[in-house]
Number of protein chains: 2
Amino acid sequence: MNQNSGARGRRRHRGTDRVTIQDVASAAGVAAITVSRALNTPDRVSAKLRERIDQAVASLGYVPNLVAGGLASAEMRMIPVVVPSLSILTFIEVIHGIQQTLEEAGYQVLLGSTDFDLDREASLIDSLLGYSPSGVILTGLRHHERTARRLNSWGRPVIEIMELGDDCIDMNVGVDNYAVGACMAKHLLARGFQRIAYLGTGMDRDYRAMQRFEGHRRVLEEAKVECDILFRRDEPSSYASGRRLFLEALATRPDLQALHFANDNLAAGALMEANRQGVRVPEEIAIGGYLGLSLGEHLTPQLTTVTVPRFEMGVQAAKLMLARLECREQSASRMDIGYELTVREST
Amino acid sequence: MNQNSGARGRRRHRGTDRVTIQDVASAAGVAAITVSRALNTPDRVSAKLRERIDQAVASLGYVPNLVAGGLASAEMRMIPVVVPSLSILTFIEVIHGIQQTLEEAGYQVLLGSTDFDLDREASLIDSLLGYSPSGVILTGLRHHERTARRLNSWGRPVIEIMELGDDCIDMNVGVDNYAVGACMAKHLLARGFQRIAYLGTGMDRDYRAMQRFEGHRRVLEEAKVECDILFRRDEPSSYASGRRLFLEALATRPDLQALHFANDNLAAGALMEANRQGVRVPEEIAIGGYLGLSLGEHLTPQLTTVTVPRFEMGVQAAKLMLARLECREQSASRMDIGYELTVREST
DNA sequence: CTGTTAGCGCTTTCAT
DNA sequence: ATGAAAGCGCTAACAG
């Protein structure tokens, strides 16, 4: 038996001197492929050999070289997740759901961010595909034509998250932004408000906020209520921007009764500014948001918002990806993650 | 010239039919290795060939197979970042700084989370090393002995972030938690408070919060002031927990004058609960936090806190990593990212 | 169930 | 400055 130590031989080339599958094979007295099988598809190896191999693996401290395996099998068990920004909590929460679900299944998440730039998205995806990932998860349905084409012909699972639409590359998990915007608008109308403004930041980049506005606008139009919009082009959606928007709204449109913010960061900022100014919400002016950030339920008054299950969206996207990877099913390629109007004190 | 199309020949094996470096080489009429050099070390190829190659790359739409390159060079230009949790904003901000800096330099971030479990960290790192990453960034200085040993003998850059200490594996970027805790304690004493409690959650897992408490405790001891601690073992650091801790503190220690929270999430929750209860801060009770979350400056009263540049910590860690990878310098292997006492209205 | 063989696509090594 | 040859460590393909 060549059971024992010293299982290092060749290394003609450069070789990092790590324990290889061949070392394990020699130690266990089998062929390399059998070790491979024992590790990847244990049922295809007899119990006896499997045990011998496991033992050799343990005693040598063998750790598979996933790069070599990835090259041979043309699959790296990685899923790039491409989002516009890592400073927006929403994306983080989705990523969290994705990461947690995929890691459990032995897939790793590669992080990519585009800063809302479709050119960067295109080149990022190009280089990401160079890693032979098992699938790709990216944000939104709008991409460079080149991105869509490349991904289309790529032949592996692709999921577009966040927004929902008819024309996706492969699979789609998200919310209907038009419906979300309409939902809050209806709520505000139902509360009896007639002078309503939609407020946001950077909506030229974040077109999903614009979709929500469009949903909002249509509802007001239908109700024959005048539609007002106020947005600051180059600001992020921070508490500070929310405060500024709030002050600007008060100053320039003193007769407004309700403010529909593009997201909870802004809405929370507005709420905090209202508190500071002693403006009573909703008596003097009502405030509604979007997202369902936990902060909203702890502020006084509590924030009315449209809640989207962001973590869950990530989990569902990851599950869909896994289902597809394991060929379990050709599964639904489109999933509406839904939303919920959370009526609290601020309206 | 074999300049034109049809540059697909063999594929004896499985082959994903992607354009390979060989296709480019044929199209440009050079050897594969020259294409490799033109792409990776352009100065080592004559301008003439370089141009011809660039053209072939563009016209064929060649995208390098990073896995093959990674196997050959034993380096994947990836940096795993391992954190305890993706639901804690602090880590997210650090990751953001890391990701942004590394992506600019052409390195990808692999995300890993351990849920504060050193066993999971150990096995996660094992498999992450299987990807032949260029370096590793992980959280904290406490690891399984096996993790430390493996990383030590690994021979590539390793950075431990968040906390600062004497005994790191390779490089260390973080803050001195003891000093941070002491800093707030001194501030509270200087404000004249004598009955002070330290409040936190899950500090058995997050030992860095415990280090801050220890710094706090020593200061009080020195000042001969009694030291009180209140913590809830199995709760996350949420606004809700902060509110509960606040109520519990009021109920069980009605004579407390100041509350030192383990982080701003808790402190902000407490502040919001105080507002809801009509408890005046800091007149009836003072509140201090840790982190410098932006929320703190928008609440009323504004939160006094110890601010840590989290995004910047990520950026610095990434820069240190890059410096090491490019061998620019053997650079300082330990970086104190510092902190700042931000005195606002709540104390 | 196990083994042999032949690459995956690139880069290192060593020549020229 | 360019090229030929030889693998990196693993798995797909095909036998037995």
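Just so we're clear, the structure is a prediction, and the values are computed from it rather than from any experiment. (Residues numbered from 1 in each chain as written. Chains lettered and ligands numbered in written order. Predicted model: local features only at pLDDT ≥ 70, side-chain atom pairs only at ≥ 80, totals over all residues. Heavy atoms only, no water.)

K.L.:
Now, about the overall build of chain A: what can you tell me, with residues and values included?
P.N.:
Helix and strand counts for chain A come out as 13 helices and 12 strands. Over its C-alpha trace chain A gives a radius of gyration of 26 Å, far above what one expects of a compact globule, namely 20 Å for 347 residues. Considered along the principal axes of its C-alpha atoms, chain A spans approximately 90 × 40 × 35 Å. Sorting the 347 residues of chain A into buried and exposed places 53% on the buried side. Nonlocal contacts in chain A, meaning residues at least 24 apart in sequence, comprise 67% of its contacts between residues at least 6 apart. If you sum the accessible surface of chain A, you get close to 15000 Å²; carbon and sulfur atoms cover 47% of it. Once the 40 positive and 43 negative side-chain charges of chain A are each reduced to a mean point, those two points are 7 Å apart. (Helix = DSSP H or I, 4+ residues; strand = E, 2+ residues; numbered from the N terminus. Rg over C-alpha atoms; globule rule 2.2 N^0.38 Å. Buried < 20%, exposed > 50% of the residue type's maximum accessible area, 1.4 Å probe, protein only. Contact = heavy atoms within 4.5 Å. Areas by Shrake-Rupley, 256 points an atom, 1.4 Å probe, with all protein chains shown as cover. Lys, Arg positive; Asp, Glu negative; His and termini not counted. Charge placed at Lys NZ, Arg CZ, Asp CG, Glu CD.)

K.L.:
Talk me through the packing of helix 5 (residues 89-104) of chain B against helix 13 (residues 310-325) of chain B; I want residue IDs and the actual numbers.
P.N.:
Residues and elements named next belong to chain B. Look at helix 5 against helix 13: their axes get within 7 Å of each other, and the N-to-C directions meet at 40°. Between helix 5 and helix 13, the angle falls in the class oblique. Relative to helix 13, helix 5 is oriented so that their crossing is right-handed. Seen from helix 5, the contacting residues are Thr 90, Glu 93, Val 94, His 96, Gly 97, Ile 98, Gln 100, Thr 101 and Leu 102; seen from helix 13, they are Arg 310, Phe 311, Met 313, Gly 314, Val 315, Ala 318, Lys 319 and Leu 322. When the residues that make up the contact of helix 5 with helix 13 are grouped by side-chain class, the tally is 8 nonpolar, 6 polar and 3 charged. (Axes fitted to C-alpha atoms, helices over the stretch in contact; angles between N-to-C directions. Parallel < 35°, antiparallel > 145°, perpendicular 65-115°, else oblique. Left-handed = near helix turned anticlockwise from the far one by under 90°. Nonpolar A, V, L, I, M, F, W, Y, C, P; charged D, E, K, R; others polar.)

K.L.:
Describe the domain arrangement of chain A, with residues and values.
P.N.:
Domains assigned within chain A are domain 1 (19-62) and domain 2 (177-308). Averaged C-alpha coordinates put domain 1 of chain A and domain 2 of chain A at centres separated by 61 Å. (Domains from an automatic or database assignment.)

K.L.:
Could you give an account of the nonpolar core, naming the residues involved and the relevant values?
P.N.:
Of all hydrophobic cores here, the largest spans 92 residues; its most connected members are Ile98(A), Ile159(A), Ile161(A), Ile98(B), Ile159(B) and Ile161(B). Here Ile98(B) is in contact with Val81(B), Val109(B), Ile137(B), Ile161(B), Gly314(B), Val315(B) and Ala318(B), once residues within four sequence places are set aside. Phe261(A), Leu266(A), Leu271(A) and Leu230(B) belong to the second largest nonpolar core, which has 58 residues in total. (Core = buried A, V, L, I, M, F, W, Y, C linked by side-chain atoms within 4.5 Å.)

K.L.:
A description of the sheet that holds strand 9 (residues 286-288) of chain A should follow, citing residues and the corresponding values.
P.N.:
Residues and elements named next belong to chain A. Spatially, the 4 strands line up as an open sheet ordered 7-6-8-9, and their pairing is parallel. Two strands lie at the open edges of the sheet, namely strand 7 (227-232) and strand 9, each paired on one side alone. On average, each strand axis in the sheet is inclined to that of its neighbour by 20°, with strand direction left out of account. Strands in contact with helix 10 (residues 239-252) are strand 6 (196-201), strand 7, strand 8 (258-261) and strand 9; relative to strand 7, the strand with the most contacts, it is inclined by about 135°. (Pairing = 2+ DSSP bridges.)

K.L.:
Describe the relation of the copies chain A and chain B, with residues and values.
P.N.:
Superposition record for chain A on chain B: RMSD 0.1 Å, screw rotation 180°, translation along axis 0.0 Å. What we have between these two chains is a two-fold relation. Closest to the rotation axis within chain A is the C-alpha of Leu110(A), separated from it by 2.3 Å. In this assembly, 100% of the residues forming the interface of chain A have copies in chain B that are likewise at the interface, indicating an isologous arrangement. (Least-squares fit on C-alpha atoms with pLDDT ≥ 70 in both.)

K.L.:
Break down the side chain of Asp264(B) for me, with residues and values.
P.N.:
Residues and elements named next belong to chain B. Looking at where Asp 264 falls in the secondary structure, it is placed in helix 11 (residues 264-277). Buried and without a salt bridge, Asp 264 has Arg 344 as its closest oppositely charged side chain, separated by 5.4 Å. Of note is the side chain of Asp 264, whose polar atom sits 2.7 Å from the backbone nitrogen of Tyr 290. Within the local environment of Asp 264, its side chain forms a polar contact with the side chain of Thr 305, the two groups lying 2.7 Å apart. Apart from residues lying up to four places away in sequence, Asp 264 is in contact with Gly 289, Tyr 290, Leu 291, Gly 292, Leu 293, Leu 303 and Thr 305. (Salt bridge = Lys/Arg side-chain N within 4 Å of Asp/Glu carboxyl O. Polar contact = N/O pair within 3.5 Å; in protein donor to acceptor, adjacent residues only side chain to side chain.)

K.L.:
Account for the sheet that holds strand 7 (residues 227-232) of chain B, naming residues and giving values.
P.N.:
Residues and elements named next belong to chain B. Spatial strand order, 7-6-8-9: 4 strands in an open sheet with parallel pairing. A single partner strand is all that each edge strand has here, and the edge strands are strand 7 and strand 9 (286-288). Each strand of the sheet is rotated relative to its neighbour by a mean of 20°, with strand direction disregarded. Pairing analysis gives 3 bridges linking strand 8 (residues 258-261) to strand 9, with the strands arranged parallel. Residue pairing in the sheet places Leu 259 in a bridge with Ile 287 of strand 9. Helix 10 (residues 239-252) rests against strand 6 (196-201), strand 7, strand 8 and strand 9 of the sheet, and its axis sits at about 135° to strand 7.

K.L.:
Tell me about the UniProt feature "domain: HTH lacI-type" (unreviewed entry) in chain A, and name the residues and values.
P.N.:
When the UniProt feature table is mapped to this numbering, "domain: HTH lacI-type" (unreviewed entry) covers residues 19-73 of chain A. In the segment residues 19-73 of chain A, helix accounts for 71% and strand for 0%; the C-alpha atoms at its two ends are 20 Å apart. (UniProt positions renumbered as here; feature names shortened; annotations may be inferred.)

K.L.:
I'd like to hear about the confidence of the model for chain A, residue by residue, with values.
P.N.:
Mean pLDDT over chain A stands at 92; residues scoring 70 or higher make up 94%. In this model residues 1-12 of chain A is a low-confidence stretch, pLDDT under 50, and it forms 14 contacts with partners more than four residues away in sequence or in other chains. (pLDDT = per-residue confidence, 0-100.)

K.L.:
Just give me the short version of the packing of aromatic side chains, but keep the residues and values in it.
P.N.:
What the rule picks out here adds up to 2 aromatic pairs over all chains. Their ring planes at 55° and their centres at 5.3 Å tell us that Tyr198(A) and Phe213(A) sit as a pair that is tilted. Here Tyr198(A) is found in strand 6, whereas its partner Phe213(A) is found in helix 9 (residues 207-222), with 15 residues between them in sequence. The ring of Tyr107(B) carries Arg77(B) above its face, with NZ or CZ at 4.2 Å from the centroid. A cation over an aromatic ring shows up here: Arg208(B) above the ring of Tyr207(B), its NZ or CZ 5.0 Å from the ring centre. (Phe/Tyr/Trp six-rings, centres within 6.5 Å; stacked < 30°, edge-to-face > 60°. Lys NZ or Arg CZ within 6 Å of the ring centre and 35° of its normal.)

K.L.:
Explain the pairing of strand 7 of chain B to me, using residue names and the numbers behind them.
P.N.:
All names here are of chain B. Pairing analysis gives 6 bridges linking strand 6 to strand 7, with the strands arranged parallel. Bridging across to strand 7, Tyr 198 finds its partner in Ile 229. Between strand 6 and its parallel partner strand 7, the chain crosses via helix 9 (residues 207-222), and the hand of that crossover is right-handed. (Right-handed = clockwise from strand over helix to strand, strands pointing away.)

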